[in-house]
Amino acid sequence: MSERFMVVPVAHGDESACGDGDGVDDVCDPAGDCEGEHAERLRSVPILRYNREPNRYGGGNPRESSPFINTDDDKGNLYDGKNMALFEEEMDSNPMVSSLLNKLANYTNLTQGVREHEEADEDEGAKKKTVKSPQMGTFIGVYLPCLQNILGVILFLRMTWIVGTAGILEVFIIVSMCCSCTMLTAISMSAIATNGVVPAGGSYYMISRSLGPEFGGAVGLCFYLGTTFAGAMYILGTIEILLTYIVPSAAIFKAEEKEYEAEAMLNNMRVYGTCCLTLMALVVFVGVKYVNKLALVFLACVVLSIFAIYAGVIKTIFEPPVFPVCLLGNRTLQNHDFDKCMKTDIIDNVTVTTKLWSLFCKGPELNASCNEYFTLNNVTEIQGIPGLTSGVISENMWGSYGPAGMLVEKPVPSVAAADSSQDMYMPYVVNDITTFFTLLVGIYFPSVTGIMAGSNRSGDLRDAQRSIPIGTILAIATTTIIYLSCVVLFGACIEGVVLRDKFGDSVKGNLVIGTLSWPSPWVIVIGSFFSCCGAGLQSLTGAPRLLQAIARDGIVPFLEVFGHGKANGEPTWALLLTALICESGILIASLDAVAPILSMFFLMCYLFVNLACALQTLLRTPNWRPRFKFYHWALSFLGMSLCLALMFISSWYYALVAMLIAGCIYKYIEYRGAEKEWGDGIRGLSLNAARFALIRLEEAPPHTKNWRPQLLVLLNLDSELSVKHPRLLSFTTQLKAGKGLTIVGSVLEGTYLTKEAEAKRAEQNIKAAMTAEKTKGFCHVVASSNLRDGISHLVQSAGLGGMKHNSVLMAWPGSWKQSNDPQSWKSFIETIRETTAAHQALLVAKNVDSFPHQERLKEGTIDVWWIVHDGGMLMLLPFLLRQHKVWRKCKMRIFTVAQMDDNSIQMKKDLQMFLYHLRLDAEVEVVEMHDSDISAFTYEKTLVMEQRSQMLIQMQLSRTEREREIQSITDESRSSIRRKHQSGAHSSGVNNQSSQLDDANQDEAQLIHDRNTASHAALNDKADATPERVHMTWTKEKFFTERNRNREPFASMAVRDLFNMKPEWESLNQSNVRCMHTAVKLNEVVVNKSQGAHLVLLNMPGPPRNRGGDENYMEFLEVMMEGLNRVLLVRGGGQEVITIYS
């Protein structure tokens, strides 16, 4: 006979019963024919049908609102099969993992952690078009955009001038500081960007979600202003290239005198810049898609320009380009109005004056009155690009700072003039602004910005968590190499006076960097022109969207109007404001004056990115699990310090203004609509701050990202008022790591008036134990008339305001079977019910005394058995444990259960994808646990459990009455068995066999009687020194051993048919049978897979809704955990505690 079988009743007469595996009757025709193999199987075995409809709370009342999103169509699929009968009562709120996993992995079943994204989508109202899955990789999606944004106007227009002014060594320091700042910021940004799914929004989204709306709003607006002023800088760069190097004749304002040339140029920049801004704003307004399509063209211009520079440097080794520079003494001359670098020329043996002569003398005659310095010094011509091997690098190693109007001179001997008052009117190359080291830092820094381009495109990337760190860091490394190499190459190839010539006046108005390029200077001129145009368009495209995102968040009320736009979502009003702010930058008209302004705003943004990463790392928030691992709080603090230093190095007054703007925005957001609180002295301020913080905490429940277990630890005390399970405190320390709230509570039975001294002593003992176990928290001992009410008071009232616990940790009552007082396990079950009603999570540790103390565990596993989804507690707890040194070497394994209709391969893929988005490293295994017939062992185990329950009901009677009741139960069982088999024997006519079966069943009933009596003796007769303990959880093999020991005369008989127990089984509660089947099956697979694990986490099924089955519930849990050493039963609190979002 098979050990596993199903028993359902056989149809009588013309009626035919066909049952499927889940208790739903198949349709049969009147003749009783059932279709399929299933019907054939049913005809071949005796059949016992039972109703599998689970009991419900509240007599069919609608279930309360749940944080889990399950449609009505899903309800029918949540529970299928008797393997999960223990969890079936709560399937409405805690769905099976198999039914939820695919939706979680594909974002279609959004959890509480993304509620803000759902609301944002609902606010838009219009139905969204189906979005194609993002396909951009690291190179196209992150690396190239970052490269395009970093390399730009400063490299082409100011890099040579910075090298000539500061010298190679100091520029090396400037480039190294700025690039180190952006590299450290990129590391911090990579950690934040890979800490979950980052929707489009870039740095604003990351900072606001990491540091809160106050910092987010302040830094978001600073970043917006920086991006807007960057647009102004790029437009000014475009106009400078146009009017200085492409079509100088297009200038509207022209100066008659040299001293007015700078002012005329500024006016030209204002007019043309305004026109260019208007044109670009119209392009952005009409269609952003055209800007995006042209992005690759602009990028190609940048790349080609870079290659042209390097090609030109290589060419100077063999054949330097011819760009002569004319020197008068040691002064550099503007080479615009003369073609020959000489005072006089001999034509047809006649000495004639040149155009240069007429610039310094009052007439072309040889005897004309000339400038004194012109008369005393000779004119010489040198090569502007002497080449890489010329040795000019030694002259360019050191800087040459000076005030505005200082002449650009070569360090060669010359004769000084007595009167230098007329020098400003002569065609010399001079400094247009006062130069100093800190100014150059501010001008150069915008050339390393643009590192956020990859994170801004996170919504378009195939794998943002991989692409953003790799692409951004590689782009910064590439541009750093380009900048550092350009510093050396420019200093080694170009003459110093040409480097300090900002606008190329000494080389006939050519772009200085263009003179070095190959094959023509026009490659750089055209390439830099289109590069600046593209960068300006990108700024005017990105800045309005950033402002729109801030406005739609609603954190700055007066900006909410800018959240609206066209029907397609384009930010019209934000674009208008951006254009107005950009116009203010253009009216400044000087690229050198605008660059430090945007440097301030970008540096402040980068400062807060580093701060966010450092704080998250130091606070160790549960949601802080970046997939990018190469970060450290010290690097973030170094980056933050470097940003702050660069702000004040560049311009201390701009830095103060930027910080003042950010501070005002921060305070406005923080105190919007709130009254100021004033107290008396420092203590009053501290009390008000604490009260304000508690009130703020109580205003709303914590966001899913910020959720961490705030524990109420329920301790048992022994007769000496000492802690019975100190390892529970050790486990608390390992789980909390000093973060969050911990309240350690205990209950003394009695009144507070009589137990006051004991309560204080117990509190001291608990605090001593907490100190010994390094548990940081509060202690709370209450006196109550009974244990159950005391625990209820702690669960309800522990904590203050928003500082309340959300989870309860307690030890499993291991001796509940041996206890004479049933109140111990009844209080345990009532605690489960009360934590559920209070929407608090519950953690129950079995064999807590075997948990590790402070010794580090060797390599092993923490096994998670994720059977039903109850908020993600099972995922979060192992991650928190592994942050502690004791569990750090343990690997995390996640098991989930697949039913008959589940695709286990797809489930594994979905679970792996879900864990990938959660940034959790764990091995995944799907265990197939198909519906199987309920075994005889399960039936007999249930029979013993129910008989034990009946006996414990009699615990309130006297011992004599209990024994009489047991005898009555046994007699009834014996009579039932005898009647059943006598009727069977009479119908078959085999009296001898009936007699033998009757004897056998009498022996069996006697065995039940003996075991029950022995069990009562073990429970109640404490006076006996060594009572014979009878294990009620007994196996089928033990049953046969006991039975055969009392049936020696019948040893020669065959093994009795298991169907002889059928009369007993028919009277069993079939719900209990199915629950026991779940417990046995789960225990089999868990023990098989996880017996050697350091810790096993299991979903804790809820207690029965019918309180009459409480003791059976304890038996089910005991069976489910049998054979496992360290077990943590976990029951969620009804809310999501882990999210894939940042």
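A brief structural summary. (Residues numbered from 1 in each chain as written. Predicted model: local features only at pLDDT ≥ 70, side-chain atom pairs only at ≥ 80, totals over all residues. Heavy atoms only, no water.)

1. Regarding the overall build of the protein
Within the protein one finds 37 helices and 15 strands. Considering only contacts in the protein between residues 6 or more positions apart, those separated by 24 or more positions represent 81%. Within the structure as shown, the protein displays about 51200 Å² of accessible surface, and the carbon and sulfur contribution to it stands at 56%. (Helix = DSSP H or I, 4+ residues; strand = E, 2+ residues; numbered from the N terminus. Contact = heavy atoms within 4.5 Å. Areas by Shrake-Rupley, 256 points an atom, 1.4 Å probe, with all protein chains shown as cover.)

2. A few points about the pairing of strand 4 (residues 350-353)
Pairing between strand 3 (residues 344-347) and strand 4: four bridges, direction antiparallel. Its bridge partner being in strand 4, Ile347 is matched across the sheet by Val350. Here strand 3 folds back onto strand 4, and the loop between the two strands holds two residues, one of which, Asp348, carries a positive phi near 55 degrees. (Pairing = 2+ DSSP bridges.)

3. Focus: the state of the cysteines
Across all of its chains, the model carries two disulfides by this definition. The partner cysteine of Cys326 in its disulfide is Cys341, sulfur to sulfur 1.8 Å. Handedness here is read from the sign of the S-S torsion; for Cys326 and Cys341, about 80 degrees, the answer is right-handed. You can see Cys326 sitting in strand 1 (residues 324-328) and its partner Cys341 sitting in the loop between strand 2 (331-332) and strand 3, a full 15 residues away along the chain. The partner cysteine of Cys361 in its disulfide is Cys370, sulfur to sulfur 1.7 Å. Between Cys361 and Cys370 the sulfur-sulfur dihedral comes to about 105 degrees; the bridge is accordingly right-handed. Judged by relative accessible area, Cys370 falls into the partly exposed class, the value being 21%. (Disulfide = S-S within 2.5 Å. Buried < 20%, exposed > 50% of the residue type's maximum accessible area, 1.4 Å probe, protein only.)

4. Structural notes on the sheet that holds strand 1
What the three strands build is an open sheet, ordered 2-1-5; its pairing is antiparallel. Edge positions in the sheet fall to strand 2 and strand 5 (379-383), since each of these pairs with one other strand and no more. The pairing of strand 1 with strand 5 spans five bridges and is antiparallel. For Leu328, the partnering residue across the bridge sits in strand 5 and is Val379.

5. Quick word on the nonpolar core
Membership of the largest hydrophobic core comes to 159 residues, with the highest contact counts inside it found for Tyr444 and Tyr483. Ranked by the residues each element gives to this core, the list is headed by helix 7 (residues 159-193), at 19 residues. Excluding residues within four positions of it along the chain, Tyr444 makes contact with Ile154, Met159, Ile162, Ile174, Val175, Cys178, Cys179 and Tyr483. In terms of nonpolar packing, the next biggest core, distinct from the first, is built from 63 residues, Ala841, Val848, Leu880 and Leu920 among them. (Core = buried A, V, L, I, M, F, W, Y, C linked by side-chain atoms within 4.5 Å.)

6. Brief notes about a nonpolar patch on the surface
On the surface, Leu644, Phe648, Trp652, Tyr653, Leu656 and Met659 cluster together into a nonpolar patch covering about 590 Å² of accessible area. Elements with a minimum of two residues in the nonpolar patch: helix 22 (633-650) and helix 23 (652-670). Its place among the elements puts Tyr653 in helix 23. (Patch = residues over 30% accessible without salt bridge, like charges linked within 9 Å, V, L, I, M, F, W, Y side chains within 5 Å. Salt bridge = Lys/Arg side-chain N within 4 Å of Asp/Glu carboxyl O.)

7. Digging into helix 16 (residues 464-493)
Between its first and last C-alpha atoms helix 16 spans 42 Å; for 30 residues at 1.5 Å apiece the expected length is 44 Å, and the two agree. Taking burial as the measure, the 30 residues of helix 16 include 23 buried ones, the bulk of the element. (Expected span 1.5 Å × (residues − 1).)

8. Remarks on the pairing of strand 11 (residues 860-866)
The two faces of the sheet receive side chains in turn, since in a regular strand these alternate between them. Across the seven residues that make up strand 11, a large majority, seven, are buried. Here strand 11 shows a buried face lined by Gly860, Ile862, Val864 and Trp866 and a second buried face lined by Thr861, Asp863 and Trp865. In this sheet, strand 12 (residues 890-898) lies alongside strand 11 in parallel orientation, the contact comprising seven bridges. Within the sheet, the bridge partner assigned to Val864 lies in strand 12 and is Ile894. Following the chain from strand 11 across helix 29 (residues 873-881) to the adjacent parallel strand 12, one finds a crossover that is right-handed. (Right-handed = clockwise from strand over helix to strand, strands pointing away.)

9. Some details on the pattern of salt bridges
Enumeration according to the criterion identifies 16 salt bridges in this entry. Where Asp432 meets Lys502, a salt bridge forms, and the shortest distance between an N and an O atom there is 3.0 Å. Here Lys502 lies in the loop between helix 17 (496-499) and helix 18 (512-516) and Asp432 lies in the loop between strand 5 and helix 14 (437-444), a separation of 70 residues in the sequence. Judged by its relative accessible area of 6%, Lys502 is buried. Glu830 is the salt-bridge partner of Arg788, the closest N and O atoms lying 3.3 Å from each other. Of this pair, Arg788 sits in helix 27 (residues 787-797) while Glu830 sits in helix 28 (residues 823-837), and the two are 42 residues apart along the sequence. With relative accessibility at 38%, the residue Arg788 sits in the partly exposed group. The class of Glu830 is buried, set by a relative accessible area of 8%. Residues joined by salt bridges that share partners form a network here, namely Arg158, Glu240, Asp432, Lys502 and Asp592.

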